[in-house]
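Secondary and tertiary structure notes
One-letter residues, chain by chain:
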Amino acid sequence: MAENVVVVGAQWGDEGKGKIVDLLTEKAEVIVRFQGGNNAGHTLVVKGHKVVLHLIPSGILHPGKLCLIGNGVVLDPEVFCQELDGLNALGIQIGPSSLKISRKTHLIMPYHKLLDSAREEKKKGPDKIGTTGRGIGPAYEDKVSRVGIRAADVLNPQLMLAKMEKAIEEKNVLFQHYFDVQPVKVKDMWEAMQPWAERLKPYLADVSTEIAAAQSADRVVLFEGAQGTHLDIDHGTYPYVTSSNTLAGNASAGSGCGPKALHKVVAVVKAYTTRVGAGPFPTELDDETGKHLQAQGAEFGATTGRPRRCGWLDLVVLRESCRLNAPREIALTKLDVLSGLREIRVCTRYDSSKDRLSYPPQMENGLSQVEPVYEALPGWEEDISEVRTFADLPEAAQNYIQCIEQELGVRVGLISVGPDREQTLVR
């Protein structure tokens, strides 16, 4: 029986999921994105060529694969078309036979992006969430408010226009009387959407049926998550979170299949910790080591270009990630970035005013009220980017991996020592 795999990020995103999905796609036949929007940025390096994908599943770079965008995604049609054009320019020809969008997927409209920017602009200081301003949150809000535009609506212009009028009427009250900006016109929004909406039509499909057909044919399905566990709307560091459920369990609801279709979870873990934007970060390093990690790891957002905050590996948040996602295996990325450090620290517990904690506190902003408790491990000087077996890693690097396994109770099965596909150890 084919074993389906769910790939999720175990930290605050940017763990290197794109590369791991790209590797696992070789054994999969169907690849599904099940949540988030173009706030995701999966960077792949294939034979020295860098490709960044925001909406289209990473598996699209492999010929003969079927890529699906599930109902749990919010999709910006303009960005989708730009990605199509960018891939076609690289000689990667994509059509509706290899890429399909659920008719139930909600669309990000131009007014969602305007609202997102106006809202973030109005916030001051600590109230800023650090949103990417791409309309993700407002699109999910409309979905929950039942005034969202779904992909299938582009097939029914009258329905789509009526729904837009209803949604914009409410938005304009906010634009005029709360954000003090010009209201938007339905006609302008409609005209802005038309070129992209037309191009979307051939790609619309019943994704749930596609997955069921793959299951019946015993084809391997790979579910590709975006962002990271601690950006989850329910279980993340609220309110500094994304607008969707990023956990492995949402692969079922966000793509239209039963939980029995999810056979194995792979949690992607960066060998240290990074975070983009605002929010608590107990192990953050504002020193030379933090600068070393940022420089060596090229820690700048694939989507935003913003520098990522860097810190030591936090096993407390990873312990929670394992509890929430139940991974069978960890894919450890960017281990090579730690080369050159004489000492490496890992956070194993938190000290709070009341207790020593093995899991993150659950009150709002609780992570800002803890102190990390570290265990120091010896580092290594060797360049490991050419290493291809676990046994050939420096002893200190092996011990570091074994420490992670012992603390989390999950096996590290994949180890990335560089950005290219070939720079990966499979245990």
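All values reported here derive from a predicted model rather than from experimental measurement. Residue numbers restart at each chain and count upward from 1, following the sequence in its written direction. Side-chain atom pairs in this predicted model are given and counted only at pLDDT of 80 or more, local residue features only at pLDDT of at least 70, and totals for whole chains, interfaces and linings cover all residues. Each side-chain value is derived from all of the structure's non-hydrogen atoms; neither hydrogens nor water enter the calculation.

1. Focus: the overall build of the protein chain
- Elements are defined by DSSP. Helices are runs of H or I of four residues or more, strands are runs of E of two residues or more, and each kind is numbered from the N terminus. Looking only at helices and strands, the protein chain features 11 helices and 20 strands.
- A compact globule built from 427 residues should have a C-alpha radius of gyration of about 22 Å, and the protein chain, at 22 Å, falls within 12% of that.
- The burial tally for the protein chain puts 56% of its 427 residues in the buried class.
- Here, residues are in contact when the closest pair of their heavy atoms is within 4.5 Å. Within the protein chain, residue pairs in contact and separated by at least 24 positions form 75% of the contacts whose partners lie at least 6 positions apart. Here the globule rule is a power law, 2.2 Å times the number of residues to the power 0.38, and the radius of gyration is based on C-alpha atoms. Each residue's exposure class comes from its accessible area (1.4 Å probe, protein chains only) as a fraction of the maximum for that residue type: buried when under 20%, exposed when over 50%, partly exposed otherwise.

2. Thoughts on helix α3 (residues 110-122)
- Between the first and last C-alpha of α3 there are 19 Å, a value that for 13 residues agrees with the 18 Å anticipated at 1.5 Å per step.
- Close packing links the buried residues of α3 with β8 (106-107), α4 (136-145), α5 (157-177) and α6 (186-200). Expected span of a helix: the number of residues minus one, times 1.5 Å.

3. A word on the sheet that holds strand β11 (residues 264-270)
- Should DSSP find at least two bridges between two strands, the strands are regarded as paired. Within the open sheet, the 10 strands sit side by side as β9-β7-β5-β2-β10-β1-β11-β15-β19-β20. Their pairing is mixed. Each edge of the open sheet carries a strand with a single partner, namely β9 (204-205) and β20 (424-426).
- Here strand β1 (residues 5-9) runs beside strand β10 (residues 221-224); their pairing, made up of three bridges, is parallel. By the bridge assignment, V5 is partnered in β10 with L222.

4. Regarding unusual backbone geometry
- Cis geometry is found at the peptide bond from Y238 to P239, where omega equals 10°.
- In this fold, P239 is placed in the loop between β10 and α8 (250-253).
- Even without glycine at this site, Q227 takes up a positive phi of about 60°.
- Mapped onto the elements of the fold, Q227 is located in the loop between β10 and α8.
- Overall, Q227 belongs to the buried group, its relative accessible area being 9%.
- For N365, which is not glycine, the phi dihedral falls at a positive 60°.
- Locating N365 in the fold gives a position in the loop between β17 (356-357) and β18 (371-380).
- The exposure class assigned to N365 is partly exposed, which follows from its relative accessible area of 30%.

5. Quick look at the side chain of H230
- Summarising the element assignment, H230 is placed in the loop between β10 and α8.
- The class for H230 is buried, based on a relative accessible area of 3%.
- If near-sequence neighbours (up to four positions away) are discounted, H230 is found in contact with A10, Q11, W12, H235, G236, T237, Y240, V241, V317, E320 and S321.

6. Side note on the packing of α3 against α6
- Interaxial angles span 0 to 180 degrees and are taken between N-to-C directions of axes, which are lines fitted to C-alpha atoms, for helices over the stretch in contact. Contact geometry for α3 and α6: axes closest at 9 Å, N-to-C directions at 115°. The segment α3 lies against α6, with P110, Y111 and L114 engaging M189, A192 and M193.
- In this count, Pro and Cys sit with the nonpolar residues alongside Ala, Val, Leu, Ile, Met, Phe, Trp and Tyr, while Asp, Glu, Lys and Arg are called charged and the others, Gly among them, polar. Tallied by class, residues from the contact of α3 with α6 come to six nonpolar, no polar and no charged.

7. Some details on the packing of helix α10 (residues 315-325) against helix α11 (residues 395-408)
- Between α10 and α11, whose axes approach to 10 Å, the crossing angle comes to 55°. Here α10 lies oblique to α11, going by the angle between them. The element α10 and its partner α11 pack so that their crossing is right-handed. Contacts between α10 and α11 involve L315, L318, R319 and C322 from the former and I404, E407 and L408 from the latter.
- For the contact of α10 with α11, a count of residues per class yields five nonpolar, no polar and two charged. Each angle gets one of four labels, with under 35 degrees taken as roughly parallel, over 145 as roughly antiparallel, 65 to 115 as roughly perpendicular, and the rest as oblique. Crossing handedness: left-handed means the near helix sits turned counterclockwise from the far one by under a right angle, and right-handed means the same turn made clockwise.

8. Examining the pairing of β10
- In β10, alternate side chains face the same way, and those of V221 and F223 on one face and L222 and E224 on the other are all buried.
- Bridge analysis of strand β2 (residues 30-33) against β10 gives four bridges, and the strand direction is parallel. Looking across to β10, one finds that V32 is bridged to F223.

9. Here's the deal with the state of the cysteines
- In what follows, a disulfide is any cysteine sulfur pair within 2.5 Å. The final tally for this structure, using the stated rule, is zero disulfides.
- This cysteine, C257, is not joined by any disulfide, and C67 carries the nearest cysteine sulfur, 16 Å off.

10. Observations concerning the packing of aromatic side chains
- Centres within 6.5 Å make a pair out of two Phe, Tyr or Trp rings, where for Trp the six-membered ring is used; the pair is then stacked when the planes are under 30 degrees apart, edge-to-face when over 60, and tilted otherwise. This structure, assessed with the given rule, holds four aromatic pairs.
- Geometrically, the ring pair formed by Y178 and F179 is edge-to-face, given 4.9 Å between the ring centres and 70° between the ring planes.
- Remark: a charge is flagged as sitting over a ring if the NZ atom of Lys or the CZ atom of Arg is within 6 Å of the ring centre and within 35 degrees of the ring normal. Directly above the aromatic system of Y178 lies the positively charged group of K122, at a separation of 4.6 Å from the ring centroid.
- Taking NZ or CZ as reference, R323 lies 3.9 Å from the ring centre of Y359, over its face.

11. A few points about the environment of V207
- Mapped onto the secondary structure, V207 falls in helix α7 (residues 207-216).
- Classification of V207 by relative accessible area gives buried; the value is 1%.
- As a C-alpha pair, V207 and S102 span 105 residues in sequence and 5.1 Å in three-dimensional space.
- The contact partners of V207, leaving out residues within four places of it in the chain, are L68, I69, G70, K100, I101, S102 and S255.

12. Observations regarding the environment of D336
- Relative to the assigned elements, D336 resides in the loop between β15 (329-333) and β16 (341-351).
- Note: C-alpha distance between D336 and L174 (162 residues apart in sequence) is 49 Å.
- When residues no more than four places from it in sequence are discounted, the contact partners of D336 are I384, S416, V417 and G418.

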